[in-house]
Amino acid sequence: MNGSTAIRPKRITFLIYLLPSVILFSFMVLIPVVLAVRYSFFKWSGGPKMDFIGLDNYRNLLVDSNFWHAFLNNLLIVAFSVVGQIGIAFIISIFLMSKLAKWKGFHRTVIFIPVVLSSVVIGFLWGMIYNQDAGMLNWLLRSVGLESWIKPWLDDPDIVMYSVTVPIVWQYIGFYLIIFLAAMQSINSEVYEMAELDGATGFKKMLHITLPLLNPTIKIAVMLCIAGNMKAFDSIFVMTGGGPGSSSTVMAQYAYDTSFKAYKLGYGSAISVGIMILSVALIMISRLIGGKNRD
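Residues numbered from 1 in each chain as written. Predicted model: local features only at pLDDT ≥ 70, side-chain atom pairs only at ≥ 80, totals over all residues. Heavy atoms only, no water.

A. How the structure looks around the layout of surface pockets. Here the largest pocket is characterised by a volume of approximately 640 Å³. Lining the largest pocket are 23 residues, and of these Val33, Ser272, Val273, Ile275 and Met276 sit closest to its centre. If you list the elements that add at least two residues to the lining of the largest pocket, you get helix 2 (11–39), helix 14 (251–260) and helix 15 (265–290). The element contributing the most residues to the lining of the largest pocket is helix 15, with nine residues. (1 Å grid on protein atoms, 1.4 Å probe; cavity = no way out; pocket = protein on both sides within 12 Å on 5 of 7 lines; lining within 4 Å. Points joined across faces, edges and corners; volume = space filled by probe spheres on them. Helix = DSSP H or I, 4+ residues; strand = E, 2+ residues; numbered from the N terminus.)

Right under this line is the structure:
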């Protein structure tokens, strides 16, 4: 009998080990999704009475200008995050993998710290930074003689979305940095050594070796970035509450307001399902644009 077969656990053992994770995933993800889909077919305000209305909530959603305005806000966050979070993380990871970088462990730790902070804490922190009268940003601009640049960063409808996007980009740079560093460390150093013998410079090695070999990792990072920022909510809610007006309202907050402030739980469930569908659609589009993996 083959030794590896003799010590292989039985199938029931695998199932027992997997059972706690499956139960937790079902309780936290699958059951809420199924219930949200079910509730989306009802007119329901949270009480015992639920009126079945079929697809009416989805028909209303298709012509809901507030929902699509929130969707455009999410798209703005996604676009800036893909460029900012992934782009900046990639550049920093290239620098940390170079021979010029010192104190690499210190830099990795400092950049990763915002990732482990609560989004609510990030919202409060940046809310104080953006404060028009006593905020650090306007104080710094005033100190260097750039009074003309001083703005009500969270009270101007024209710039508020850019203001609330900066903390989101800043918070998760460290997350993608760790992903890229792990991927770069798995690249065989002999590949770079052969390229150096052929006269490749640092930029050429990055363009012709690092980028192609990290292509699958970048695709995964883009998918994670889209999925994460399509449900952005916490820090924006703390900084602006969706205001001024609805200029910084994102889809998750619109679902929250509809469900728990307007008590339209059926329509709020339809909004949540719409967020899921649009998120999956964007991820699929990113996969099509990225193309298939090549050997």
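B. Representation of the side chain of Asn57. Relative to the helices and strands, Asn57 is located in helix 3 (residues 56–62). Residue Asn57 is classed as buried on the basis of its relative accessible area of 5%. Among the polar contacts made by the side chain of Asn57, one reaches the main-chain carbonyl oxygen of Ser40 at a distance of 2.8 Å. Among the polar contacts made by the side chain of Asn57, one reaches the main-chain carbonyl oxygen of Phe42 at a distance of 3.0 Å. Ignoring sequence-local partners within four residues, the contact set of Asn57 consists of Tyr39, Ser40, Phe41, Phe42, Gly266, Tyr267 and Ala270. (Buried < 20%, exposed > 50% of the residue type's maximum accessible area, 1.4 Å probe, protein only. Polar contact = N/O pair within 3.5 Å; in protein donor to acceptor, adjacent residues only side chain to side chain. Contact = heavy atoms within 4.5 Å.)

C. Expanded view of the packing of helix 4 (residues 65–97) against helix 15. Direction vectors running N to C along helix 4 and helix 15 enclose 40°, while the axes themselves pass 12 Å from each other. By the angle between their axes, helix 4 is oblique relative to helix 15. Helix 4 and helix 15 meet at a crossing whose hand is right-handed. Contact with helix 4, carried on its side by Phe67, Trp68, Phe71 and Leu75, involves Ile271, Gly274, Ile275, Leu278 and Leu282 of helix 15 and no other residues of that element. For the contact of helix 4 with helix 15, a count of residues per class yields eight nonpolar, one polar and no charged. (Axes fitted to C-alpha atoms, helices over the stretch in contact; angles between N-to-C directions. Parallel < 35°, antiparallel > 145°, perpendicular 65-115°, else oblique. Left-handed = near helix turned anticlockwise from the far one by under 90°. Nonpolar A, V, L, I, M, F, W, Y, C, P; charged D, E, K, R; others polar.)

D. Seen up close, the pattern of salt bridges. Using the criterion set out here, one finds two salt bridges in the structure. Asp56 is the partner of Arg59 in a salt bridge, and the nearest nitrogen-oxygen pair spans 2.6 Å. Of this pair, Arg59 and Asp56 both sit in helix 3, three residues apart, roughly one helical turn. Relative accessible area serves as the criterion here: at 48%, Arg59 is assigned to the partly exposed category. A relative accessible area of 33% means that Asp56 is categorised as partly exposed. (Salt bridge = Lys/Arg side-chain N within 4 Å of Asp/Glu carboxyl O.)

E. View of the nonpolar core. Judged by nonpolar contacts, the single largest core of 36 residues is most densely connected at Phe67, Phe180, Met230, Met251 and Ile271. Ranked by residues supplied to this core, first place goes to helix 4 with eight residues. Ignoring any residue separated from it by four or fewer positions in sequence, one finds Met251 in contact with Phe67, Ala70, Phe71, Asn74, Met230, Ile271, Ile275 and Leu278. (Core = buried A, V, L, I, M, F, W, Y, C linked by side-chain atoms within 4.5 Å.)

F. Spatial organisation of the environment of Val110. Structurally, the position occupied by Val110 is in helix 5 (residues 104–116). For the pair Val110 and Ile209, spaced 99 residues apart in sequence, the C-alpha separation works out to 28 Å.

G. Examining the packing of aromatic side chains more closely. Scanning all chains against the criterion turns up 15 aromatic pairs. An angle of 45° between the planes, with centres 4.6 Å apart, marks the rings of Tyr39 and Trp44 as tilted. An aromatic cluster is built from Trp126, Tyr130, Trp153 and Trp170, whose rings are joined through pairwise contacts. (Phe/Tyr/Trp six-rings, centres within 6.5 Å; stacked < 30°, edge-to-face > 60°.)

H. Seen up close, the environment of Tyr263. By the secondary structure assignment, Tyr263 is in the loop between helix 14 and helix 15. Taking the relative accessible area as the measure of exposure, Tyr263 reaches 53% and is therefore exposed. Remark: the alpha-carbon pair of Tyr263 and Ser45, spanning 218 residues in sequence, is separated by 5.0 Å. Apart from residues lying up to four places away in sequence, Tyr263 is in contact with Trp44, Ser45 and Thr258.

I. View of the packing of helix 9 (residues 173–185) against helix 12 (residues 215–229). Viewed as axis vectors pointing N to C, helix 9 and helix 12 meet at an angle of 165°, and their least axial separation amounts to 11 Å. By the angle class used here, helix 9 and helix 12 are roughly antiparallel. Judged by the twist between their axes, the crossing of helix 9 over helix 12 is right-handed. Between helix 9 and helix 12, the contacting residues are Phe175, Tyr176, Ile179, Phe180 and Ala183 on the first element and Thr217, Ile218, Ala221, Leu224 and Cys225 on the second. Taken together, the residues of the contact of helix 9 with helix 12 sort by class into nine nonpolar, one polar and no charged.

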